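Descriptive structure summary
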Amino acid sequence: MSEARTKKLTLIAEEINVCTACRLYEGTNKAVPGYGDPSAEILFIGEAPGFYEDQQGLPFVGKSGRYLDYLLTLIGMKREQVFITNVVKHRPPDNRDPQSDEIIACNHFLKRQFEIIDPLVVATLGRFSMAQYFPNGKISSIHGQPKYADDRAYYPLFHPAAALRNPNLRIDMEDDIKRIPDVLEEVKKRRANAKPSADMPEDAKENAQDNGETDEPPQQLRLF
Ligand code: URA
């Protein structure tokens, strides 16, 4: 299972490495497809690679990345146990914001990574990734509030760089991160309750299936 996912993610990474679909590849050193466990329960989505990411071809390896590593320790995790990627896979010049045509051009990569990893929790880092799943959301009011949809949770978080700049956000960021295990448990509980159990009578199972309460793979991003 995981081998098949690794293979599919590697093929996508190869496509990303040679992608010229938008202007962002110009002048970059390396594309940054993503890093982590192909079967991760938690998918973190940042904004765009920065200077160090462009040098190394890996996401979140600069100052924000070191902080993200620290945040993961707060829930007893390491980056190898989650999957980390960005909305756009090449570094924007001078670390400017990604533009909407660039986000659109890159979006199919994220969508395909998402479908392969099939995470239980999608943690967005900052407003660009948040906008993918909460189109009208305002980060200051919705951060740390999970949305349960498509058999998973979408969990908006501040960007680590913003939290590093602002000590007040840092407190919220760390509180929000510490609630991820509860969000994960809630998704698992919901999935278990929706699954017809082996000892359920056949007609009850059929009813559950009629109600859509099955463990069929959820349709990705159906609500967005
Ligand atoms: N900021 C991001 O959003 N992504 C990275 O990979 C690094 C910094």
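As the structure is a prediction and not an experimental result, all values here were calculated from the model.

Turning our eyes to something else, we now look at the packing of helix H1 (residues 2-17) against helix H4 (residues 100-117). Running from N to C, H1 and H4 point in directions that differ by 170°, and their axes come no closer than 10 Å. When the axes of H1 and H4 are compared, the pair comes out roughly antiparallel. Judged by residue contacts, Arg 5, Lys 8, Leu 9, Ile 12, Glu 15 and Ile 16 of H1 engage His 108, Phe 109, Arg 112, Gln 113, Ile 116 and Ile 117 from H4. Broken down by class, the residue content of the contact of H1 with H4 amounts to 6 nonpolar, 2 polar and 4 charged.

On to the site of the ligand, then. If you check the shell around the ligand, you find Gly 46, Glu 47, Ala 48, Glu 53, Pro 59, Phe 60, Asn 86 and His 159 and nothing else. Interatomic distance of 3.0 Å between a backbone N/O atom of Ala 48 and a nitrogen atom of the ligand. Between the ligand and Phe 60 there is a distance of 3.0 Å, counted from an oxygen atom to a backbone nitrogen or oxygen. Here the ligand has 230 Å² of accessible area as a free molecule, and 92% of this is covered by the chains. By residue class, the composition of the shell around the ligand is 3 nonpolar, 3 polar and 2 charged.

Mean pLDDT over the protein: 91, with 87% of residues reaching 70 or higher. Within the protein, the lowest mean pLDDT, 49, falls on helix H10 (residues 202-210), and the highest, 99, falls on strand S2 (residues 42-46).

Okay, the nonpolar core next. Counting 55 residues, the largest nonpolar core has Ile 42, Phe 44, Val 121, Tyr 133, Leu 157, Met 173 and Ile 180 as its most contacted members. In terms of residue count, the dominant contributor to this core is H4 (7 residues). Those residues in contact with Ile 180 that lie beyond four places of it in its chain are Ile 42, Phe 44, Ile 75, Tyr 155 and Leu 157.

Here we take up unusual backbone geometry. With a phi close to 50°, Phe 60 is a non-glycine residue in the positive phi region. Along the chain, the position of Phe 60 falls in the loop between helix H2 (51-56) and helix H3 (63-73). Under the relative-accessibility criterion, Phe 60 is labelled buried at 5%. Of note in the backbone geometry, Asn 95 takes a positive phi value of approximately 55° without being a glycine. Along the chain, Asn 95 turns up in the loop between strand S3 (83-86) and H4.

Attention now goes to the environment of Cys 19. Among the secondary structure elements, Cys 19 is positioned in the loop between H1 and strand S1 (35-36). With a relative accessible area of 18%, Cys 19 lands in the buried category. Sequence separation between Cys 19 and His 90 is 71 residues, and the spatial gap between their C-alpha atoms is 9.2 Å.

Turning our eyes to something else, we now look at H4. Taking 1.5 Å of rise per residue, 18 residues should cover 26 Å, and H4 covers 25 Å from first to last C-alpha, within 8% of that figure. Tucked inside the fold, the buried residues of H4 contact H1, S2, S3, strand S4 (121-125), helix H5 (127-133) and strand S6 (152-157).

The next thing to look at is the pattern of salt bridges. Taken as a whole, this structure holds 13 salt bridges when the rule is applied. Between Glu 186 and Lys 189 there is a salt bridge, and its shortest N-O distance comes to 3.4 Å. Here Glu 186 pairs with Lys 189, and both are found in helix H9 (residues 180-194), just 3 residues apart, close to one helical turn. Overall, the relative accessible area of 22% leaves Glu 186 in the partly exposed class. Within this structure, Arg 23, Arg 96, Asp 101 and Glu 102 form a network of salt bridges that share partners.

Right, let's get into helix H8 (residues 167-178). For H8, spanning 12 residues, the distance from its first C-alpha to its last is 17 Å, which sits close to the expected 16 Å at 1.5 Å a residue. Listed in full, the buried residues belonging to H8 are Met 173, Glu 174, Asp 176 and Ile 177. For H8, the angular spread of buried residues about the axis comes to 160°, placing them on one side. Opposite its buried face, H8 presents the exposed residues Asn 168 and Ile 171, each directed more than 90 degrees away. Contact partners of the buried residues in H8: S2, H3, S4, S6, helix H7 (160-165) and H9. If you check the start of H8, you find a side-chain oxygen 2.8 Å away from the backbone N of Asn 168, and it comes from Asn 166.

Cut-offs applied
- Residues numbered from 1 in each chain as written.
- Predicted model: local features only at pLDDT ≥ 70, side-chain atom pairs only at ≥ 80, totals over all residues.
- Heavy atoms only, no water.
- Axes fitted to C-alpha atoms, helices over the stretch in contact; angles between N-to-C directions.
- Helix = DSSP H or I, 4+ residues; strand = E, 2+ residues; numbered from the N terminus.
- Parallel < 35°, antiparallel > 145°, perpendicular 65-115°, else oblique.
- Contact = heavy atoms within 4.5 Å.
- Nonpolar A, V, L, I, M, F, W, Y, C, P; charged D, E, K, R; others polar.
- Near = heavy atom within 4 Å.
- Polar contact = N/O pair within 3.5 Å; in protein donor to acceptor, adjacent residues only side chain to side chain.
- Areas by Shrake-Rupley, 256 points an atom, 1.4 Å probe, with all protein chains shown as cover.
- pLDDT = per-residue confidence, 0-100.
- Core = buried A, V, L, I, M, F, W, Y, C linked by side-chain atoms within 4.5 Å.
- Buried < 20%, exposed > 50% of the residue type's maximum accessible area, 1.4 Å probe, protein only.
- Expected span 1.5 Å × (residues − 1).
- Salt bridge = Lys/Arg side-chain N within 4 Å of Asp/Glu carboxyl O.
- Arc of directions from axis to C-beta.

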